[in-house]
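Chain residues, written in single-letter form:
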Amino acid sequence: MSSLVNLEGSDFVGYDMDVMKAIGQKLGLSVEFKNLKFDAIIPAVSAGGQCDCAISGITINPERKEQVNFADGYYTDGLGFAVADAQKYTKANYNTELNKAGVMIAVQSGTTGEDYVKENFPNATRQAYDTSNDCFAALQCVAAISNDAVVGNLIKMSYSSLTKIDTISTGEEYGIAIKKDNKELLDAINKALKELKDEGKIDNIQSKWF
Amino acid sequence: MGYASAIKSALFKLILVLLAIALASGIFGSYASCFVAEALSTQRFSARPNSDNGNDVLGGEKTRINWEFQANESAPITGFTLVFPEGTTFNEEDASVTLMDDSGTTPGENDHLKRVPIQTVYSIDNLDFSAKFLNEVSADAYLEIRVQNVIFPQNGGELMFKASVNLANGDIVEVRDLLQINVKSFSFADKLAKDLSEQDWVKAWNSNDFLRLFFNPPVLVSSFPVVMQGFFTALALVLCAYPCAIPLGLLLALMRMSKLRLIRAIGSIYVNIIRGTPFFLQLYVAFFGLPLAGVQIPSFILGFIMLFLNSGAYLCEIFRAGIQSIPDGQTEASRSLGMSSFQTMFFIIIPQTIRRVIPTMTNEFILLYKDTSLLAAVGVMEVVMYAKTIVASTGSITPYIVAAFFYLIITIPLASLVGVLERKLDVSKAANNQVNVLDENDISVNVKDESDIDGSIAPSIALGQTQVTLQEDKNLQNDGAKNG
């Protein structure tokens, strides 16, 4: 169970979905969702044809900005660090204890969590999975990292044996990715987002999910 | 007591005092320097890895510096200067200074979760990157400083930074912490990729969306050595799993043809379950199910086991069809010559079978090799997995094309080998039919020594009027085709 995007029956639900639907309503457009693996989203948007825009807890960062345009941020999050053995790895020692050869850290492929592990835990082995769910299911890894909002929810709903030991404040902001040459959609979404923020609708959706 | 002695004792006292002062200042001095070192403690100093894969920070390629420190100064901090290593280029664009304050969610502890952007004016003088804060920052602030667009020298090395902090009282405090980044030098492929991306024809080529996404020359070059690592993993997996699967397949085939119902049932159930469910699903059960049950197996080993178990079931059917395609007369003849059923199977039937099933077995090898790609979903670092990580970081589909190359390099030669083998088999069959067809009812007789026809020395027993059913050969082909 991820609080951002989640498949319930055959419908996509979650915070991101509600935000996108609200934007669609503002623009008088119906939103059709298409499910892609996270690491395929940015290439798909940048290539065009498959989708007009993408929403899935995508952090706005300079590397991605080279490939796609981002609408203004709609949520600020950090990274959550979860471990299977909370006795051995604690908030105080995990920065050194997990940065060792032979330690496996599960990451979702193509995410800022993966980048964070690359940068700060270079000695550990990264194990990349398609979804954050898979990261948590693969308990053979010692630790897993994902969006903070997702980690909290996953532990609460499905993986009660895991413990979140730290929240890392990265200040990352999630944005809607749009193809570079589609300036009109970018402006339209930004306008809709601003109106939704001013009306307090974004706050409402946030309190519904987090 | 005269003046002389008074002066003497005064001098003596003076020397003592001076000595004491010198001693005290020495101790104090060293203490003071300790204190300075503790006045600012760096929590994190790192650069974003910018190689297509792995944790390396490369020279000559854009990266970002991240510096977090806990200040413990005597006065509020008003700015800082970071001195970059020689040969580094950088600018102030998108640079940021953030105060990481207590969000108040965990009582009694500063969690640094509240991010307060600090308004800052930057100035750059050669290698000095200076910042002046416009907002007030307390003496014990926890700050995060990010400098984007940093390009380290191409040669790399253990690069040292220097830094100092400006305080409101005018003091400049040197930072004694070790600020070091290990930068890897450019690899040959990276250099080539960079050179390519600056060429005019590459720019023209990449202006076409399709060509840029699927056949981007710099990405093609830089991803090649990375995806090749996955190629070796995939090859190692299949080269370990396939030879092990052959005896398993043979064992299962014999089990399925056993006279004992129980053994036959075990073999059938195993083969039907493995062949009746997608390999992908089997992988998910093994990779996510076993750890939940407390069984921890390294992913390469588990990947090998799964390929081995899967391929065993398919090879079983190939062998069974092969063995059953050998005319009954062969068995009857060898038994009538006094061979035991064991001897018949291993010295008469199986040697003939192997020659017949080699093309289908080669097909199975090709399918198994392609199936290693499914392991990407469960985190085994093979061809597709490496390609995926580069696709995610470059936004180009090109690495998948590189991955395709690493499959074709194995599958095309093997496929043509299968073609050659099949033709050879056809020749022997055609020869069989030509020489030995006795009447129109598709009856043929195996020749005495098949080495006459195709050079192989498979033993065979001459026997009159045995039916060679071509249909079973067709079954053979069908069994080779699976979920691929």
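Residues numbered from 1 in each chain as written. Chains lettered and ligands numbered in written order. Predicted model: local features only at pLDDT ≥ 70, side-chain atom pairs only at ≥ 80, totals over all residues.

Let's talk about the overall build of chain A
Here is step 1 of the chain: Counting its secondary structure elements, chain A contains nine helices and ten strands.
Here is step 2 of the chain: A globule of 210 residues ought to have a C-alpha radius of gyration of about 17 Å, and chain A, at 17 Å, matches this closely.
Here is step 3 of the chain: Each principal axis of the C-alpha distribution contributes one length, and for chain A these read about 55 × 35 × 30 Å.
Here is step 4 of the chain: Within the span of chain A, comprising 210 residues, buried residues form 49% of the whole.
Here is step 5 of the chain: Taking the intrachain contacts of chain A between residues at least 6 apart in sequence as the baseline, contacts between residues at least 24 apart amount to 68%. (Helix = DSSP H or I, 4+ residues; strand = E, 2+ residues; numbered from the N terminus. Rg over C-alpha atoms; globule rule 2.2 N^0.38 Å. Buried ≥ 20, exposed ≤ 12 C-beta atoms within 10 Å, placed from the backbone. Contact = placed C-beta atoms within 7 Å.)

Quick look at the overall build of chain B
Here is step 1 of the chain: Each helix and strand counted, chain B has 14 helices and twelve strands in total.
Here is step 2 of the chain: For chain B, buried positions account for 32% of its 484 residues.
Here is step 3 of the chain: Considering only residue pairs separated by 6 or more positions, chain B has 72% of its internal contacts joining residues 24 or more positions apart.

Here we look at the packing of helix H5 (residues 217-256) of chain B against helix H11 (residues 383-394) of chain B
Residue and element names in this part refer to chain B.
Here is step 1 of the chain: Interhelical geometry of H5 versus H11 gives an angle of 150° and a closest axis separation of 7 Å. If you check the angle between H5 and H11, you find them roughly antiparallel. Two packed elements cross with a definite hand, and for H5 against H11 that hand is right-handed. Facing Val219, Ser223, Val226, Val227, Gln229, Gly230, Phe231 and Ala234 of H5, the residues of H11 in contact are Val383, Met385, Tyr386, Ala387, Ile390 and Thr394.
Here is step 2 of the chain: Of the residues that constitute the contact of H5 with H11, the class distribution is ten nonpolar, four polar and no charged. (Axes fitted to C-alpha atoms, helices over the stretch in contact; angles between N-to-C directions. Parallel < 35°, antiparallel > 145°, perpendicular 65-115°, else oblique. Left-handed = near helix turned anticlockwise from the far one by under 90°. Nonpolar A, V, L, I, M, F, W, Y, C, P; charged D, E, K, R; others polar.)

Side note on the sheet that holds strand S1 (residues 40-47) of chain B
What holds strands together in a sheet is hydrogen bonding between their backbones, with the strands either parallel or antiparallel.
All names here are of chain B.
Here is step 1 of the chain: With respect to topology, five strands assemble into an open sheet ordered S1-S3-S9-S5-S6, the strand pairing being antiparallel. One side of each edge strand has no neighbouring strand; the edge strands of this open sheet are S1 and strand S6 (114-117). Ignoring strand direction, the axes of neighbouring strands in this sheet form an average angle of 25°.
Here is step 2 of the chain: By the bridge criterion, seven bridges tie S1 to strand S3 (residues 62-71) in an arrangement that is antiparallel. By the bridge assignment for S3, Ser46 is matched with Asn66. (Pairing = 2+ DSSP bridges.)

A few points about the interface of chain A and chain B
Here is step 1 of the chain: Each partner contributes to the interface: chain A provides 26 residues, whereas chain B provides 26 residues.
Here is step 2 of the chain: Counting only elements with at least two residues in the side of chain A that touches chain B, the list comes to helix H2 (38-47), helix H5 (112-120), strand S7 (125-129) and strand S9 (163-174) of chain A.
Here is step 3 of the chain: Counting residues per element, the side of chain A that touches chain B draws most heavily on H2 of chain A, which supplies five residues.
Here is step 4 of the chain: Here the residues of the side of chain A that touches chain B sort into ten nonpolar, eleven polar and five charged.

Some details on the pairing of strand S5 (residues 96-101) of chain B
Here is step 1 of the chain: Pairing of S5 of chain B with strand S9 (residues 142-151) of chain B involves four bridges; the strand directions are antiparallel. Each residue of the ladder has a partner; that of Ser96 of chain B, found in S9 of chain B, is Arg146 of chain B.

Section: H2 of chain A
Here is step 1 of the chain: Summarising burial for H2 of chain A: eight of the ten residues are buried, a large majority.
Here is step 2 of the chain: Among the residues of H2 of chain A, those classed as buried are Phe38, Asp39, Ile41, Ile42, Pro43, Ala44, Val45 and Ser46 of chain A.
Here is step 3 of the chain: For H2 of chain A, the elements touching its buried residues are strand S3 (53-54), helix H3 (62-65), strand S6 (104-108) and strand S10 (177-178) of chain A together with H11 of chain B.
Here is step 4 of the chain: Positive phi shows up at Gly48 of chain A, right after H2 of chain A, with a value of about 75°.

Regarding the sheet that holds S6 of chain A
All names here are of chain A.
Here is step 1 of the chain: Read from one edge of the open sheet, five strands run S7-S6-S8-S5-S9, paired in mixed fashion. Two strands in the sheet have a free side with no partner beyond their single neighbour: S7 and S9. Ignoring strand direction, the axes of neighbouring strands in this sheet form an average angle of 25°.
Here is step 2 of the chain: Bridge analysis of strand S5 (residues 75-83) against S9 gives eight bridges, and the strand direction is antiparallel. When the sheet's bridge partners are listed, Ala82 is paired in S9 with Lys164.

As for the nonpolar core
Here is step 1 of the chain: Counting 116 residues, the largest nonpolar core has Ile105, Ala143 and Ala177 of chain A as its most contacted members.
Here is step 2 of the chain: Grouped together as the second largest cluster of nonpolar side chains are 34 residues, Val137, Ala141, Leu143 and Leu159 of chain B included. (Core = buried A, V, L, I, M, F, W, Y, C linked by C-beta atoms within 7 Å.)

Details of the domain arrangement of chain A
Residues and elements named next belong to chain A.
Here is step 1 of the chain: Taken domain by domain, chain A holds domain 1 (6-74 + 175-209) and domain 2 (78-171).
Here is step 2 of the chain: Measuring from the centre of the C-alpha atoms in domain 1 to the corresponding centre in domain 2 gives 26 Å.
Here is step 3 of the chain: For the side of domain 1 that touches domain 2, the class distribution of residues is one nonpolar, three polar and two charged. (Domains from an automatic or database assignment.)

A word on the environment of Ala192 of chain A
Residues and elements named next belong to chain A.
Here is step 1 of the chain: Looking at the element boundaries, Ala192 is found in helix H8 (residues 183-198).
Here is step 2 of the chain: Residue Ala192 is classed as partly exposed on the basis of its C-beta count, with 19 C-beta atoms lying within 10 Å.
Here is step 3 of the chain: Once the C-alpha coordinates of Ala192 and Asn35 are considered, the two residues, 157 residues apart in sequence, prove to be 23 Å apart.
Here is step 4 of the chain: If we ignore the near neighbours within four places in the chain, the residues touching Ala192 are Ile23, Lys26 and Leu27.

Here's the deal with unusual backbone geometry
Residue and element names in this part refer to chain B.
Here is step 1 of the chain: Despite not being glycine, Asp94 has its phi angle at roughly 65°, a positive value.
Here is step 2 of the chain: Within the secondary structure, Asp94 sits in the loop between strand S4 (77-83) and S5.
Here is step 3 of the chain: Located in the positive-phi region is Asn126, a residue other than glycine, with phi close to 55°.
Here is step 4 of the chain: Mapping Asn126 onto the fold places it in the loop between strand S7 (120-125) and strand S8 (128-137).

Observations concerning helix H1 (residues 15-27) of chain A
Residue and element names in this part refer to chain A.
Here is step 1 of the chain: Taking 1.5 Å per residue as the helical rise, H1 with its 13 residues ought to reach 18 Å, and the 19 Å between its terminal C-alpha atoms agrees with that figure.
Here is step 2 of the chain: Residues of H1 that are buried include every one of Tyr15, Asp16, Met17, Val19, Met20, Ala22 and Ile23, and no others.
Here is step 3 of the chain: In this fold, the buried residues of H1 make contact with strand S2 (11-13), H8 and helix H9 (201-209).
Here is step 4 of the chain: Just beyond H1, the residue with positive phi is Gly28, at close to 70°. (Expected span 1.5 Å × (residues − 1).)

Description of the packing of helix H9 (residues 328-336) of chain B against helix H10 (residues 341-371) of chain B
All names here are of chain B.
Here is step 1 of the chain: At a minimum axis separation of 10 Å, H9 and H10 run at an interaxial angle of 130°. When the axes of H9 and H10 are compared, the pair comes out oblique. The chirality of how H9 crosses H10 is right-handed. Contacts between H9 and H10 involve Gln330, Thr331, Ser334 and Arg335 on the former and, on the latter, Thr344, Ile348 and Ile349.
Here is step 2 of the chain: A breakdown of the residues in the contact of H9 with H10 according to their chemical character gives two nonpolar, four polar and one charged.

Considering the pairing of S5 of chain A
Residues and elements named next belong to chain A.
Here is step 1 of the chain: Here S5 lies mainly inside the structure; eight of its nine residues are buried.
Here is step 2 of the chain: With five bridges joining them, S5 and strand S8 (residues 143-147) adopt antiparallel strand pairing. Within S8, the position partnered with Val83 by the bridge is Ala143.

Observations concerning the environment of Ile77 of chain B
Residue and element names in this part refer to chain B.
Here is step 1 of the chain: Tracing the backbone shows Ile77 in strand S4.
Here is step 2 of the chain: C-alpha separation for the pair Ile77 and Asp140, spaced 63 residues apart in sequence, amounts to 8.6 Å.
Here is step 3 of the chain: Excluding residues that lie within four positions of it along the chain, Ile77 makes contacts with Ala71, Phe133, Val137, Ala139, Ala141, Val165 and Leu167.

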